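Commentary on secondary and tertiary structure
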Amino acid sequence: MIDVRPVGSRRELAAWCALTERLYRDAPGFIPPLRQQLRDFYEGKSPYLARDDIVFLGVIRDGELVGRTTAHRHERLDARLGAPHLLFGFTEFVDEPDVFAAIVDALVAQAQSVGAARMLGPVNLLPNQSGGVVTSGFDERGFVDAAYSLPHYAAAYERHGFEPVFAGATMIVRGLQDDHRPVEEVFTFDDDRIEREELEVRRANRKRIGAELEIIRQMLNASFAQRGYFTTIEPEELAYQVGGLGFLIDERIALYLYKAGKPVAFMLCIPDISEFVRAVGGNLNLVNQLRLLATRSRYRSEAVCVIKGTVPEEQGKGYMSLLSRELLRNLRAAGYETLRGTYVETQNVASSAQADEMGGGALHGVTFYARDAV
């Protein structure tokens, strides 16, 4: 017999989090979400949701946890999508039809109880944070802030009437040290424009990360405003996402472009600590943070491009090529071998062009799923 019920204690939450250890035991590509963030979401200690605004659900069969999901609403995303949606996330389940069917039934009931006409997910907690279902590239490992899922997931969604939305892919560029093309050949930009247009590429500064986050936030909200899945990010939300990891920033690969003293584009890359996160089971407690700090030099061969963008009034002027050129120069000088990039929607060809120019391409196909709550 299958029972779907809310997580009711910290002990149950620990078991809920640990489900992925069993599901992905033979899939070393999975990088678990941070347990501290999951606990904060559960207890209402994040700026995204209050305690009563999100439900953690576990699927129990014969006393064993065999599936899980969360469910919540988000007014800003509803406004973007033009209809009330129930968002579900962190959704994992064994490869047995009745288990996923129980999850869907529970989500439909939850949607109807809160007046949501549609369901969208998996989102953790929003599409512009992380989430989605991997549809290809299963032999390639995942990475922090990116989706990774088992091959049976996509078929399960589609069997239950979910339709793919916001399809896209993550990116990868390998062999950065083996590519001996001049960076000026990889990314062309007329250097005469630098002085004429008063352009200046600046590196991030760990000591000023608080002030710089606000600069990033303003450019991020402006540059992604046209994307259908994107919701504006508030100051406290971005601070929460980055909080505690400022010491990991490699200033050489987090870049801003200023034009006549005004920020117009940015590219935020970080060292890829995915292998460490997997080794500790997603548990970045204080002890493990100190371990990571002490060993951070080990994580300087691979990097992740978390986000990049150009403010709307400056798009189409080649500024991202200038930033990409400097990024490639710095990646090579710092000894990085591989660059991964988080989810890019298929229609957003300008963002995926960077990997193409560098000789890379798609890593994982990723899509979200939606259906009516009936």
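Counting starts from 1 at the beginning of each chain's written sequence and moves along it residue by residue. Residue-level local features of this predicted model are given only where pLDDT is at least 70; pairs of side-chain atoms are given and counted only at 80 or more, and the full residue set underlies all totals for whole chains, interfaces and linings. Values reported for side chains reflect all heavy atoms of the structure, with hydrogen atoms and water molecules removed beforehand.

1. Observations regarding the overall build of the chain
Working definition: helices are DSSP H or I runs of at least four residues, strands are E runs of at least two. Numbering for both runs from the N terminus. Of regular secondary structure, the chain possesses 13 helices and 13 strands. Here the globule rule reads 2.2 Å times residues to the power 0.38, and the radius of gyration is calculated from C-alpha atoms. Taking 2.2 N^0.38 as the reference for a compact globule, 374 residues should give roughly 21 Å; the C-alpha atoms of the chain span a radius of gyration of 21 Å, in line with that estimate. Under the scheme applied here, a residue whose accessible area is under 20% of the maximum for its type counts as buried, over 50% as exposed, and between as partly exposed, the area being computed with a 1.4 Å probe on protein chains only. Buried residues in the chain amount to 54% of all 374 residues. In the chain, the proportion of contacts linking residues at least 24 apart, taken out of those at least 6 apart, comes to 80%. Positive charges are assigned to Lys and Arg, negative charges to Asp and Glu, while His and the chain termini are left out of the count. Lysine's charge is taken at NZ, arginine's at CZ, aspartate's at CG and glutamate's at CD. Put simply, the chain has 43 plus and 51 minus side-chain charges, and the middle of one group is 4 Å from the middle of the other. In what follows, a contact means two residues having at least one pair of non-hydrogen atoms within 4.5 Å.

2. Overview of the pattern of salt bridges
In what follows, salt bridge is the name for a side-chain nitrogen of Lys or Arg lying within 4 Å of a carboxyl oxygen of Asp or Glu. Enumeration over the complete set of coordinates arrives at 31 salt bridges. The salt bridge involving Arg340 is made with Asp272; its shortest N-O contact spans 3.5 Å. One end of the pair, Arg340, is in strand E12 (residues 338-345); the other, Asp272, is in the loop between strand E10 (262-271) and helix H10 (274-279), with 68 residues separating them in the sequence. Assigned by exposure class, Arg340 and Asp272 land together as buried.

3. Some details on the side chain of Arg300
Structurally, the position occupied by Arg300 is in the loop between helix H11 (286-294) and strand E11 (302-310). Owing to a relative accessible area of 17%, Arg300 belongs among the buried residues under this scheme. Of the polar contacts made by the side chain of Arg300, one reaches the backbone oxygen of Arg296; its length is 3.3 Å. Aside from chain neighbours lying at most four places away, what touches Arg300 is Leu248, Asp250, Arg252, Pro271, Ala334, Gly335 and Tyr336. Residues adjacent in sequence count toward polar contacts only when both atoms are side-chain atoms; beyond that, a polar contact is any pair of N or O atoms within 3.5 Å, and within protein one must be able to donate a hydrogen and the other to accept it.

4. Concerning the pairing of strand E13 (residues 361-372)
Taken across its 12 residues, E13 has 10 buried, putting it largely inside the fold. Pairing analysis gives four bridges linking strand E5 (residues 118-121) to E13, with the strands arranged antiparallel. Looking at E13, one finds that Gly121 is bridged to Tyr369. Each pair of strands is called paired provided DSSP finds at least two bridges between the two strands. As paired strands, strand E6 (residues 133-136) and E13 are joined by three bridges and run antiparallel to one another. Among the inter-strand pairings, Ser136 is bridged to a residue of E13, identified as Gly365. Bridging between strand E7 (residues 163-173) and E13 involves seven bridges; their strand directions are antiparallel. Residue Ile172 lies in a different strand from E13, and its bridge partner there is Gly361.

5. What to know about the packing of aromatic side chains
For any pair of aromatic rings, the description consists of the separation of the ring centres together with the inter-plane angle of the planes. A pair of aromatic rings is counted whenever rings of Phe, Tyr or Trp (Trp by its six-membered ring) have centres within 6.5 Å, and the orientation is called stacked for planes under 30 degrees apart, edge-to-face for over 60 and tilted otherwise. All chains considered together, the criterion is met by 21 aromatic pairs. Centroid distance Tyr24 to Phe30: 3.9 Å. Interplanar angle 10 degrees. Geometry classified as stacked. Here Tyr24 matches Phe30 in class, with each residue buried. An angle of 55 degrees between the planes, with centres 6.3 Å apart, marks the rings of Tyr24 and Tyr148 as tilted. Within this pair, whereas Tyr24 is found in the loop between helix H1 (10-23) and helix H2 (35-43), its partner Tyr148 is found in the loop between E6 and helix H5 (152-159), the two being separated by 124 residues in sequence. Under the relative-accessibility criterion, Tyr24 is labelled buried at 1%. Assessed through its relative accessible area of 11%, Tyr148 is described here as buried. Joined through ring pairs, the aromatic side chains of Phe88, Phe93, Phe100, Tyr153, Tyr157, Phe162 and Tyr369 make up one cluster. Residue placement shows Arg68 over the ring face of Trp16; its charged tip is 4.3 Å from the ring centre. Charge-over-ring placement is defined geometrically: NZ (Lys) or CZ (Arg) within 6 Å of the ring centre, and within 35 degrees of the ring normal.

6. A closer look at H5
Every buried residue belonging to H5 is among His152, Tyr153, Ala154, Ala156 and Tyr157, and all of these are buried. Next to the buried residues of H5 lie H1, strand E4 (85-93), helix H4 (97-113), E6 and E13. Within two residues after H5, Gly161 carries a phi angle of roughly 85 degrees, on the positive side.

7. Observations regarding a nonpolar patch on the surface
Patch criteria: residues need more than 30% relative accessible area and no salt bridge. Like-charged residues are merged within 9 Å; nonpolar side chains of Val, Leu, Ile, Met, Phe, Trp and Tyr are merged within 5 Å. Under the convention used here, a 1.4 Å probe and the Shrake-Rupley method define accessible areas, while residue burial counts only the protein chains that appear. Taken together, the side chains of Leu286, Leu290 and Leu293 present a nonpolar region at the surface, about 300 Å² in accessible area. Checked against the element boundaries, Leu290 lands in helix H11.

8. Let's talk about the nonpolar core
Among the buried residues, those of types Ala, Val, Leu, Ile, Met, Phe, Trp, Tyr and Cys that are joined through side-chain atoms within 4.5 Å form a nonpolar core. Within the largest apolar cluster, 60 residues are counted, with the highest numbers of intra-cluster contacts made by Leu176, Leu257, Leu327, Leu331, Leu339 and Met358. If you tally residues by element for this core, the top one is helix H12 (residues 319-334), at eight residues. Look past the residues within four positions of Leu257 in its chain and what remains in contact with it is Leu199, Glu200, Val201, Lys262, Pro263, Val264, Ala265, Tyr319, Leu322 and Leu323.

9. Re unusual backbone geometry
With omega at -10 degrees, the peptide bond leading from Gly121 into Pro122 counts as cis. Mapping Pro122 onto the fold places it in the loop between E5 and E6. The linkage connecting Asn124 with the following residue, Leu125, adopts the cis geometry, with an omega of 0 degrees. Along the polypeptide, Leu125 turns up in the loop between E5 and E6. In this model, Ala260 sits at a positive phi of 50 degrees, which is unusual for a non-glycine residue. On the secondary structure map, Ala260 appears in the loop between strand E9 (254-259) and E10.

By themselves, these observations are geometric and do not establish any function.
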